[in-house]
Structure formats: structure tokens, C-alpha cells
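Structure assessment
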Amino acid sequence: MSDEAVAPPAALRPAATAPRRKQLRLPATGLLGGAILLLFLLCALAPWLIAPYDPLAFDYMAIMQPPSWEHPFGTDNFGRDVLSRTIWAAQVDLQIAVFATLFPAIFGTLAGCLIGYAGGWVDALFRRLVDVIVTIPFVVLVIAIVAVLGPGLLNMYIAISAVGWIIYARLMRSEIIAQKKRDYAAAGRVMGYGRLRIIFRHLLPNAASPLLVYWMTDMSLAILLGSSLGYLGLGAQPPTAEWGVLIADGKNFMTTAWWMSIFPGTAIVLGGMGFSLFGDGLATWLRRRA
Amino acid sequence: MHIVGILGRRLLQIAATVLVVAVLVFGLMRLLPGDAALVLLGERASDEAIARMRDQLGVNQPILAQFWDFLLRMVTLRFGDSVTLRVPVSSLIAERLPVTLLLTGMAAVLALLIAVPLAFWSAVRRGSWVDAAIRVFAQVSVSMPVFYIGLVLLITLAAGLRWFPVGGIGTGFLEDLYYLFLPALTLALSLSAILLRNLRESLIEVLDAEYVGFATAKGLPRGLVLRRHVLRNAWVSTVTLLGLHIGSLVGGAVITETVFAIPGIGRLMIDSIFSRDYAVVQGLTVVLAVLVSVVFLALDAVQAALDPRVGT
């Protein structure tokens, strides 16, 4: 009898589930972000299929041509097709998004888990370290490290990784601290599970969604920072086509051949937006699902 | 009373920052390949100069003694001489610092001037096309790298319309303000987008709060409610956020100064990297880190003044 009282009338059920299904979909802006990322992924995986010209081929008959049907993004000061170079550069910039964040995400997560679970003086020491590190300008520190190691993509990854893991560790630490107070963590301890098993099999999966969302945001930041360093000459080195490097190539012709810089720049803005919209959408989706 | 406590803690933190940065820079300089004395002095240094520098660096001493010496030199601002410019690094920094301070200060003010009215507009007209347009503006602004914003503003407003100079700084304070307007706007845009989003969220939260409904029901004019009740309570998180982003503002200044050819410490840093002038890079890293911590300290005091709950 009491079961019937709890169950909703049959007529209400479809109406109640329809919005639920809608809630389970990614929000429209998240889908837009995902679509942009897919497009760039396609450019990165098979640039030779999409790009109309060889990105490195000089054509002295078509130097600094404005956008036209043959060259939709125009040509640069060596007659290279800007569209093709922008497409090929997606490879390098997506690589930056992944490689500049991979180590910080993995190492920072591990460190954050262990620090959050350990607590005590380890945690106190870490918090002091974070308080200090956040006051040091991130870009300045990365530039200083690149200065010592020498310009180039690999050294840029090393420099960003050396500093970037701390943010993930801070995020993970507070998540784990919140999770370890929950009953299921206590249950795991009562069952006699080892610490590592509780941390990585039980706490981490429950604490992972903020991490995923931050990772997306961080990838968009990595593209911005990577292209900035490329522009300054500290990141990807010419003739590698990278969006920041392409903009730097065009900066001396800004008034006569604006297309050389504007189109690669638009690619950066779109790429950054792709990751951040997708990340925001993911956050909303995860929140609704929970 | 509690302000004193916060300031004390912050001063300790600045000391800790100096220590950590010193450890980092000291460690980094040890990573440099080859002879540190030769690296600091450049290839063309005479043998005596190198011997003197080796002595000064104390390469033959134990590592802790070397570090202690290094720390003492950093704290007393003795960063050594610039290899390329042949002047003391500290005087070089002192000469270039005011421009960078002016630039970042202007950028912070501009960011607030852009963010606060737009956030208000967006929050009050929530869900309208104005709100949508402002949110798109914020989304695009955060996704634009600083150097690209700078270049776009350069081509359109400086080179195209000729409203602003294309770079450098002026003579005298007022002309500096004019020359630095575009660079400051460049720096301010992405920060303003971050502030705008946050302020919009907290404004919406406050607008829905019961005490605002009560104030309106009392018959207080709309403007007074927004100023006294809404803004005052939404302010605090914005100031916190501004503080957290001072570091990125300084980082952005390094890039902006390069784009606009502004003779500040950011440009000095990039130039020094390419001329392998490590004494300058090392001095600048320390000075910038300390500078940002000092700003943190000042903002903490502002925050404590705005919100009595802070720090208790």
C-alpha cells in the first residue's frame, strides 16, 4: 500500500522524464565548443587532406596576395598559402594543449591526492608553498625557466609543467579532503582496505569531475600561453607553423598584409573558445547529472 | 586589530616568497650549461674579470655558503652588472620600473571601469539580448591572447585611424598616459572579462537576496539600492579576484611591452633573454615576485577595510 502512495500517477511520468532526458544532454554552448574542437582535431590529424597547398612551398609569383578564391586567407611574404599554414599549425597548437597540460594534470593529481589524504604537516607545508607560488607571476616564471633552458617547444613544456602541477594539486587536495570525510571512505577503512586503494579506487573517481573541467580550461590557457611564447620567439621555432609564430611572421606587414596575422589569430581565439566552451558545458552537464 | 595580524602574516609571506624565488633562481642558474662566471659575464670577458667573478660567486665554496651569499645579494638588491648594457642591474630595473607600474596600474583601473558597468548592465537585464552580447564579449575576450589583442588594436586604432601612437612612451606624465592607453586597454580586456563574469554572478546572487527586496519594498530609489546594498556586497569577491590576477597582469605586461615597444621591465626581460644577459633575468624575476607579493599585501588591507569579516 505504501509503495503505491510513493509512486507518481502514471499520467505524470512521461512529463517528468522528458526534461530529465534534456538535462542529460550537453548544453548548446558545450556542443558548439565540442564542434570547434572536432574541426581542429580533424585539421590536426589529416592536414594534407584539408589544406589546399603545401604549407612550406614558396611561390614567388604570389607574394602577399590578399584573400581571394585561390587563397582564401591570402599569402605571406614568401607566397606561402596562409590557410594551409593555419591548418597545419593546428597540429602544433593542439599538441601544445595536450603536452603542456598532461604532466601537470597527472603529477598534480597524484600529489594532490596524497597530500589531501595525508593531511597534517605535509598538508600544512604544501599550503604554505602554494601561498608563495601563487604570488610569483606564472608567465614570468615560465619565461625565466625557458630563458635558462633555451627556446623551443620541449623546454616550454618542461617550464610549464614545472609550475603548472601546483594548481592541479591544490584542486585535488581540497576535493580529496572533502571526500575522505564521507561515509564510504570510512567504510573502506573499516573494511581494512589499504590507503592507496581507498585513495585511487574510491576517492579519486568521486573527485575527478572538477579535475576534468579544469583540465579543459587549462588546455585553452595552454594554447594562449604557447602561442604567446611562440610569438615572443621562446616557443615553437620557425619554420614550424604555429599560430603564434605565424602572427609574429606577419607583424611587420600588419599595415600592408593584415591577413598574415589576423587569420592565425582568429584560429587561436576559436581554439581557446572551443576548449573553454566545451569545459563549461562539461561542468554544467556533470553538475546536472550529479 | 585584525588588520595588523593580516599584515604581519603577509610580511612573513613576502619573506617566504623571497626565499622560495631565491632558491628557484639559484637552482636555475646552476642548470645553466658551462661556467657560471663565463655565462654571467659573456664570452668576451677578460680572464681577470672571470677570476674575480668566480671569486664573487664563490664557486669553490660549499653550496650552502654559496646560497647564503646569493640570498644576501638578492635581499640587498645587488644583482650584479648587466653584460650587454654595462650598468648595474638594480639601476636598470629602477629606471624601467615606473613605466611598467604605470602600465599595470592603468590596466587594473581600466579593467574595473569596463567590468563593473557591464556586469551591472548584464545582471540587471539578465536574459535579454544585452546580457547575451556582454557574455559573448567576455567569452571572446578571455580566449584572445594578449599579444593578439595588442596587434589588432595597433592596426585598427593606431595605424589605421591614427588615434593613438603605434608604440613607445611619451615625454612627461600626461603624454605617457596617452601613449600607454592602448597597451593598458590591451592588458585590461582579458582581465575585465574575468572580473565581469565573476561580478555578474555575485550581482545576480545579491539581487535575489531578501535584503535587496526589502530595501526596494521600503521605497528606496533604485540607484541607491544598487549602490549601497548590491554593489557593496558584490564588491568583495571582485577585489579578491583582481588580487589573484595581479600576477597574470604582470605576465601580460611582459608581452604587451614587447608588442608596443614600451621600455619597461617586461621588454627588458625579453631582450635580456635573447642577449643571454642572465644577471638581468635573475634580478627581474626576484623583483617581480616581490612586487606582486607587495600588491597582494595592499589588496588584503583594502579587502579588510571593505569587509569586516575578512581575516577573522
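In this report, the structure presented in the accompanying data block is examined. (Residues numbered from 1 in each chain as written. Chains lettered and ligands numbered in written order. Predicted model: local features only at pLDDT ≥ 70, side-chain atom pairs only at ≥ 80, totals over all residues. Heavy atoms only, no water.)

**Describing the overall build of chain B**
- Of the regular secondary structure elements, chain B holds 14 helices and 0 strands.
- Put simply, chain B runs from its N terminus to its C terminus through helices and strands in the order α-α-α-α-α-α-α-α-α-α-α-α-α-α.
- Reported as C-alpha extents along the three principal axes, the dimensions of chain B are approximately 80 × 55 × 35 Å.
- Evaluated residue by residue, chain B yields a buried proportion of 50% over its 312 residues.
- Counting every atom, chain B has about 15,000 Å² of accessible surface; 66% of that belongs to carbon and sulfur.
- Here chain B contributes 24 positively and 20 negatively charged side chains, and the mean placements of these two sets differ by 9 Å. (Helix = DSSP H or I, 4+ residues; strand = E, 2+ residues; numbered from the N terminus. Buried < 20%, exposed > 50% of the residue type's maximum accessible area, 1.4 Å probe, protein only. Areas by Shrake-Rupley, 256 points an atom, 1.4 Å probe, with all protein chains shown as cover. Lys, Arg positive; Asp, Glu negative; His and termini not counted. Charge placed at Lys NZ, Arg CZ, Asp CG, Glu CD.)

**Considering the environment of Pro55 of chain A**
Residue and element names in this part refer to chain A.
- Relative to the helices and strands, Pro55 is located in the loop between α4 (47–50) and α5 (82–118).
- In this structure, the C-alpha to C-alpha distance between Pro55 and Phe40, residues 15 residues apart in sequence, is 16 Å.
- For Pro55, the contacting residues outside a window of four places in its chain are Arg80, Ser84, Arg85 and Trp88. (Contact = heavy atoms within 4.5 Å.)

**Details of the pattern of salt bridges**
- Applying the stated criterion to the full structure yields 7 salt bridges over all chains.
- Residue Arg85 of chain A pairs with Asp76 of chain A through a salt bridge whose shortest N-O separation is 3.8 Å.
- Here Asp76 of chain A falls in the buried class, since its relative accessible area comes to 3%.
- Across the pair Asp131 of chain B and Arg200 of chain B runs a salt bridge whose closest N-O atoms are separated by 3.0 Å. (Salt bridge = Lys/Arg side-chain N within 4 Å of Asp/Glu carboxyl O.)

**Considerations on a nonpolar patch on the surface**
All names here are of chain A.
- Side chains of Val98, Phe99, Leu102, Ile106 and Leu110 sit close together on the surface and give an oily, nonpolar patch of about 410 Å² of accessible area.
- Relative to the helices and strands, Leu102 is located in helix α5.
- The partly exposed category is assigned to Leu102, whose relative accessible area is 34%. (Patch = residues over 30% accessible without salt bridge, like charges linked within 9 Å, V, L, I, M, F, W, Y side chains within 5 Å.)

**Points about the side chain of Ser272 of chain B**
Residues and elements named next belong to chain B.
- Looking at the secondary structure, you find Ser272 in helix α13 (residues 265–274).
- Residue class for Ser272 comes out buried when judged on its relative accessible area of 3%.
- From its side chain, Ser272 meets the backbone oxygen of Leu268 in a polar contact 2.5 Å long.
- Ignoring any residue separated from it by four or fewer positions in sequence, one finds Ser272 in contact with Asp277, Val280 and Val281. (Polar contact = N/O pair within 3.5 Å; in protein donor to acceptor, adjacent residues only side chain to side chain.)

**Notes on the interface of chain B and chain A**
- With 42 residues of chain B at the contact, the number on the chain A side is 40 residues.
- Both sides together, the interface formed by chain B and chain A hides about 3,400 Å², and carbon and sulfur atoms give 82% of it.
- Looking only at chain B, the three residues that lose the most surface to chain A are Phe147, Tyr148 and Ile155 of chain B, adding up to 17% of its buried area.
- In this assembly, chain B and chain A are joined by 3 residue pairs in polar contact (both at pLDDT 80 or more).
- Sorting the residues of the side of chain B that touches chain A by element identifies α1 (2–31), α6 (129–142), α7 (146–160), α12 (246–259), α13 and α14 (278–306) of chain B as the ones contributing at least two each.
- For the side of chain B that touches chain A, the leading source of residues is α1 of chain B, giving 9 residues.
- Grouping the constituent residues of the side of chain B that touches chain A by class yields 32 nonpolar, 9 polar and 1 charged. (Buried area = accessible area lost by both parts, 1.4 Å probe. Nonpolar A, V, L, I, M, F, W, Y, C, P; charged D, E, K, R; others polar.)

**Notes on empty space enclosed by the protein**
Residue and element names in this part refer to chain A.
- Applying the stated criterion across every chain, the model contains 4 cavities of 30 Å³ or more.
- Counted as a void, the second largest cavity has a volume near 50 Å³.
- Contributing to the lining of the second largest cavity are Asp76, Val82, Arg85, Leu246, Asp249 and Met260.
- Every element with two or more residues in the lining of the second largest cavity is listed here: α5 and α11 (243–250). (1 Å grid on protein atoms, 1.4 Å probe; cavity = no way out; pocket = protein on both sides within 12 Å on 5 of 7 lines; lining within 4 Å. Points joined across faces, edges and corners; volume = space filled by probe spheres on them.)

**A look at the packing of aromatic side chains**
- Applying the stated criterion across every chain, the model contains 17 aromatic pairs over all chains.
- For the ring pair Phe73 of chain A and Phe263 of chain A, a centre distance of 4.1 Å and an interplane angle of 5° mean the geometry is stacked. Taken as a pair, Phe73 of chain A in the loop between α4 and α5 and Phe263 of chain A in helix α12 (residues 259–289) lie far apart in primary sequence, 190 residues in all.
- The exposure class of Phe73 of chain A is partly exposed, given its relative accessible area of 22%.
- An angle of 75° between the planes, with centres 5.2 Å apart, marks the rings of Phe26 of chain B and Phe67 of chain B as edge-to-face. One end of the pair, Phe26 of chain B, is in helix α1; the other, Phe67 of chain B, is in helix α4 (residues 63–75), with 41 residues separating them in the sequence. (Phe/Tyr/Trp six-rings, centres within 6.5 Å; stacked < 30°, edge-to-face > 60°.)

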